[in-house]
Amino acid sequence: MNLGIFDADNAVPFRMVRRVYNTAGTFFYRKPANLIAVDVEVEGGHADGAADYGGGAGGYSRRLIPTQSLPSGVTVVVGANGTTGGTSSFGSFASATGGSSTGAGSGSGGDINLRGQAAFGGQVPYGCGLPAYRGFAGPGRLNGGGGTTGAGSGGGPGTAGAVVVTEYLKGAA
Amino acid sequence: MKYALISPGENDRLCQVEDAPFPVAPPLHWVECADDVTPQTHRYVNGAFELLPPPPAPASSGEVGGVTEL
């Protein structure tokens, strides 16, 4: 999409505002009147760690949306951490599912859709000098990551997902 | 009645269950399900929910991955 921003002959003065939603819950994004476009990044919630596994990371999706394609408001959902991480969404434009103990989430709807980093671990053989049941958590891209493994005694919590909305607004900064 | 979020791009993974659906990007979609369906206990196969098989019994404390501690 050509926004005219980098065209010297037709340059449009603009400024950027970034809105970050990184706590689990449901929010409402209201479109400003002078909006040119939004660049939306969505990450699913990350899974908690378990006794023998770290938590998998949520998926990721990114989409550039021109103002004429946006309604006046959009429902924003940030997925919570948990045994299975919750799905995060920017309306029906871009979504990313949450991670789990055995896998990672994935993105959908975006110009770019990526799988999260899966966790792995469990059952390191005796004699390696490492505790048994040592696993590794999946790191997130926007907000934290999966929970750590508990090395046989329960794991740590993952973090919530995130939705980052970068607004391109008409007018100089 | 609840709603299950299905991800076709992840082999019809049952992602989560909610009391009310929220907007998601295709191909993600919501399917009505019974109140007892959860991602930990069920999977979505050929348009129906079925119980997951029970997890295998944990190894005894003296045996890990088929290797017995000396």
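For clarity, every value in this text was computed on a predicted model and none was experimentally measured. (Residues numbered from 1 in each chain as written. Chains lettered and ligands numbered in written order. Predicted model: local features only at pLDDT ≥ 70, side-chain atom pairs only at ≥ 80, totals over all residues. Heavy atoms only, no water.)

Trainee: Explain the overall build of chain B to me, and be specific about the residues and the numbers.
Mentor: A count of helices and strands for chain B gives 0 helices and 7 strands. Here chain B, with 70 residues, has 29% of them falling under the buried criterion. Accessible surface for chain B amounts to roughly 4,400 Å². Of this, 56% is attributable to carbon and sulfur atoms. (Helix = DSSP H or I, 4+ residues; strand = E, 2+ residues; numbered from the N terminus. Buried < 20%, exposed > 50% of the residue type's maximum accessible area, 1.4 Å probe, protein only. Areas by Shrake-Rupley, 256 points an atom, 1.4 Å probe, with all protein chains shown as cover.)

Trainee: How would you summarise unusual backbone geometry if you had to cite specific residues and measurements?
Mentor: Residue and element names in this part refer to chain B. Backbone torsion omega between Pro-26 and Pro-27 reads 10°, so that peptide bond is classified as cis. Positive phi, close to 60°, is recorded for Asp-12, a residue that is not glycine. You can see Asp-12 is positioned in the loop between strand 1 (2–7) and strand 2 (13–18). Here Asn-46, not a glycine, exhibits a phi torsion of approximately 50°, which is positive. With respect to the helices and strands, Asn-46 occurs in the loop between strand 4 (42–45) and strand 5 (48–51). Judged by its relative accessible area of 76%, Asn-46 is exposed.

Trainee: Could you give an account of the sheet that holds strand 8 (residues 107–108) of chain A, naming the residues involved and the relevant values?
Mentor: What holds strands together in a sheet is hydrogen bonding between their backbones, with the strands either parallel or antiparallel. In spatial order, the strands read 2-5-6-7-8 (chain A); together these 5 strands make up an open sheet with antiparallel pairing. The sheet terminates laterally at strand 2 (25–30) and strand 8 of chain A, the two strands that pair on one side only. (Pairing = 2+ DSSP bridges.)

Trainee: Pulling in residues and values, what's your account of the interface of chain B and chain A?
Mentor: Chain B puts 20 residues into the contact, and the matching count from chain A is 25 residues. Counting the surface lost from both chain B and chain A, the interface buries some 1,600 Å², and carbon and sulfur atoms represent 59% of this. Across the chain B-chain A interface, the total number found is 0 salt bridges. Broken down by element, the side of chain B that touches chain A gets its largest block of residues, 3 residues, from strand 2 of chain B. Taken together, the residues of the side of chain B that touches chain A sort by class into 12 nonpolar, 5 polar and 3 charged. (Contact = heavy atoms within 4.5 Å. Buried area = accessible area lost by both parts, 1.4 Å probe. Salt bridge = Lys/Arg side-chain N within 4 Å of Asp/Glu carboxyl O. Nonpolar A, V, L, I, M, F, W, Y, C, P; charged D, E, K, R; others polar.)

Trainee: Break down the nonpolar core for me, with residues and values.
Mentor: Residues and elements named next belong to chain A. By size, the foremost hydrophobic cluster in this structure holds 19 residues, and its most contacted members are Tyr-29, Val-38, Val-40, Leu-70, Phe-90, Val-163 and Val-165. Of all the secondary-structure elements, those providing two or more residues to this core are strand 3 (35–43), strand 5 (73–78), strand 7 (94–96) and strand 12 (162–170). Per element, the largest residue contribution to this core is 4 residues, and it comes from strand 3. Excluding anything up to four places from it in sequence, Val-40 contacts Ser-61, Arg-62, Arg-63, Ile-65, Phe-90, Val-163, Val-164 and Val-165. (Core = buried A, V, L, I, M, F, W, Y, C linked by side-chain atoms within 4.5 Å.)

Trainee: Could you give me a rundown of the sheet that holds strand 3 of chain A, with the residues and numbers involved?
Mentor: Residues and elements named next belong to chain A. As summarised here, the arrangement of the 5 strands in space is 1-12-3-4-9, forming an open sheet in which the pairing is antiparallel. Only two strands of the sheet have a single partner each, and these edge strands are strand 1 (14–21) and strand 9 (112–114). When the angles between neighbouring strand axes are averaged without regard to direction, this sheet yields 15°. Where strand 1 lies against strand 12, 8 bridges are found, and the strand directions are antiparallel. Following the sheet pairing, Arg-15 is matched in strand 12 by Leu-169. (Axes fitted to C-alpha atoms, helices over the stretch in contact; angles between N-to-C directions.)

Trainee: For the environment of A:Ala11, give the residues involved together with the corresponding values.
Mentor: Residue and element names in this part refer to chain A. Mapped onto the elements, Ala-11 comes out in the segment before strand 1. Owing to a relative accessible area of 49%, Ala-11 belongs among the partly exposed residues under this scheme. Residues Ala-11 and Tyr-53, spaced 42 residues apart in sequence, show a C-alpha to C-alpha distance of 52 Å.

Trainee: Go over the packing of aromatic side chains with me, naming the residues and quoting the values.
Mentor: Note on aromatic pairs: each is described by the distance of the centres and the angle between the planes. Scanning all chains against the criterion turns up 6 aromatic pairs over all chains. A ring pair is formed by A:Phe90 and A:Phe93, whose centres lie 6.1 Å apart and whose planes are at 45°; its orientation type is tilted. A relative accessible area of 12% means that A:Phe93 is categorised as buried. With 5.1 Å between their ring centres and 75° between their planes, B:Phe22 and B:Trp30 make a pair best called edge-to-face. Under the relative-accessibility criterion, B:Phe22 is labelled buried at 14%. Chaining the aromatic ring pairs together yields one cluster made of A:Tyr29, A:Phe90 and A:Phe93. (Phe/Tyr/Trp six-rings, centres within 6.5 Å; stacked < 30°, edge-to-face > 60°.)

Any functional reading would require information beyond the geometric quantities listed.
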